[in-house]
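# Geometric and topological summary
Spelled out from the first residue to the last, the chains are:
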Amino acid sequence: KNLGAVKNLGAKGLMRSAPKSTNAARKGPNKCQLFFFINLTCNSATLAITLLDRLQQNIEIIAYNITSKTAHTIYTYSHTAYCDIPTHFTPLNEDEFIVTDDRDGYSNIHLYNYTKGHIKQLTQNCGIVTDVYGYNQKTNTILFAATNNIPTDRYIFSVNTAGTITEICTEKGT
């Protein structure tokens, strides 16, 4: 793949015609994709670009190397009805990144490897992850907000890449 097929630059993002492929996201009348987010990675020559199809049923994050002008898929998610756009892409190091998605019905943080794919789900049983504040390399922890199973409240947690969750603040907030 490469991103040479850019067709239009509009207010909603870049659009490109999807190449012919056996991928269900590119079949039928749904042949356009929107570039929703462009994120930096820990590799200075690589960008992470989030693509969403027009029907919002398929999401793909690709790693695009600006030096070699090559791209490869690092994350995919499909749903028959609707996909929530993973708004929290956070690179951890040259090999791994985290992203939030709702494939189990709740927004959770997932750990991925750029070449090997999904490693594991880091959060569960803390409600819906509503925000990711960042990653601390020294402590290897991710700071995030979640509902803690009470939809109107927000609680602050940290999780390490092994999946150990610690509640940072016991007072509820919004």
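### Points about the overall build of the protein
Counting secondary structure elements, the protein contains zero helices and 14 strands. With 174 residues in all, the protein has 40% of them scored as buried. Sequence separation of 24 or more characterises 25% of the internal contacts of the protein that already satisfy a separation of 6 or more. Roughly 9600 Å² of accessible area belongs to the protein as shown, and the carbon and sulfur atoms make up 52% of that amount.

### Remarks on the packing of aromatic side chains
Between two aromatic rings, the relevant description is the distance of the centres plus the angle of the planes. Per the counting criterion, the structure on display carries five aromatic pairs. Ring plane angle 45 degrees and centroid distance 5.0 Å describe the contact between Phe-97 and Tyr-114, whose orientation is recorded as tilted. Remark: Tyr-114 occurs in the loop between strand E9 (108-113) and strand E10 (117-121) and Phe-97 occurs in strand E8 (residues 96-101); sequence separation between them is 17 residues. Every member of this aromatic cluster is reached through a ring pair, and the members are Tyr-75, Phe-89, Phe-97, Tyr-112 and Tyr-114.

### Things to note about the side chain of Thr-90
You can see Thr-90 is positioned in strand E7 (residues 90-91). Look at Thr-90 and you get buried, because its relative accessible area is 16%. Among all residues touching Thr-90, those that are not within four sequence positions of it are Phe-97, Ile-98, Val-132 and Tyr-135.

### Some words on the sheet that holds E10
Strand order in this open sheet of four strands is E7-E8-E9-E10, and the pairing throughout is antiparallel. The open sheet is flanked by E7 and E10, the only strands paired with a single partner.

### Here we look at the nonpolar core
With 15 residues, the main nonpolar core has Ile-61, Ile-74, Tyr-75, Phe-89, Phe-97 and Val-99 as its most contacted residues. Discounting chain neighbours no more than four positions away, the residues touching Ile-61 are Ala-48, Ile-49, Thr-50, His-72, Thr-73, Ile-74, Tyr-75, Pro-86, Phe-89 and Val-99. Among the nonpolar cores identified, the runner-up in size contains 14 residues, and Ile-98, Ile-109, Phe-144 and Ala-146 belong to it.

### Some words on the environment of Ala-146
With respect to the helices, strands and loops of the structure, Ala-146 is situated in strand E12 (residues 141-146). The spacing of Ala-146 and Asp-131 is 15 residues in sequence and 7.1 Å in space, taken between C-alpha atoms. Look past the residues within four positions of Ala-146 in its chain and what remains in contact with it is Cys-126, Ile-128, Val-129, Thr-130, Asp-153, Arg-154, Tyr-155 and Phe-157.

### Describing unusual backbone geometry
With the exception of glycine, most residues fall at negative phi, and the peptide bonds are largely trans. Of note, the phi angle at Asn-125 is positive, near 60 degrees, even though the residue is not glycine. Within the fold, Asn-125 resides in the loop between E10 and strand E11 (129-136). Under the relative-accessibility criterion, Asn-125 is labelled exposed at 69%. Of note, the phi angle at Asn-140 is positive, near 55 degrees, even though the residue is not glycine. Mapping Asn-140 onto the fold places it in the loop between E11 and E12.

### Topic: the pairing of strand E3 (residues 32-40)
Summarising the sheet, E3 and strand E4 (residues 46-53) pair through seven bridges and their orientation is antiparallel. Across the sheet, the residue bridging to Leu-34 is Leu-52, located in E4. As consecutive antiparallel partners, E3 and E4 are separated by five residues.

### Side note on the pattern of salt bridges
What the rule picks out here adds up to one salt bridge. A salt bridge links Asp-101 to Arg-103; the nearest nitrogen and oxygen atoms lie 2.8 Å apart. With a relative accessible area of 40%, Arg-103 lands in the partly exposed category.

Reading the values: rules and limits
- Residues numbered from 1 in each chain as written.
- Predicted model: local features only at pLDDT ≥ 70, side-chain atom pairs only at ≥ 80, totals over all residues.
- Heavy atoms only, no water.
- Helix = DSSP H or I, 4+ residues; strand = E, 2+ residues; numbered from the N terminus.
- Buried < 20%, exposed > 50% of the residue type's maximum accessible area, 1.4 Å probe, protein only.
- Contact = heavy atoms within 4.5 Å.
- Areas by Shrake-Rupley, 256 points an atom, 1.4 Å probe, with all protein chains shown as cover.
- Phe/Tyr/Trp six-rings, centres within 6.5 Å; stacked < 30°, edge-to-face > 60°.
- Pairing = 2+ DSSP bridges.
- Core = buried A, V, L, I, M, F, W, Y, C linked by side-chain atoms within 4.5 Å.
- Salt bridge = Lys/Arg side-chain N within 4 Å of Asp/Glu carboxyl O.

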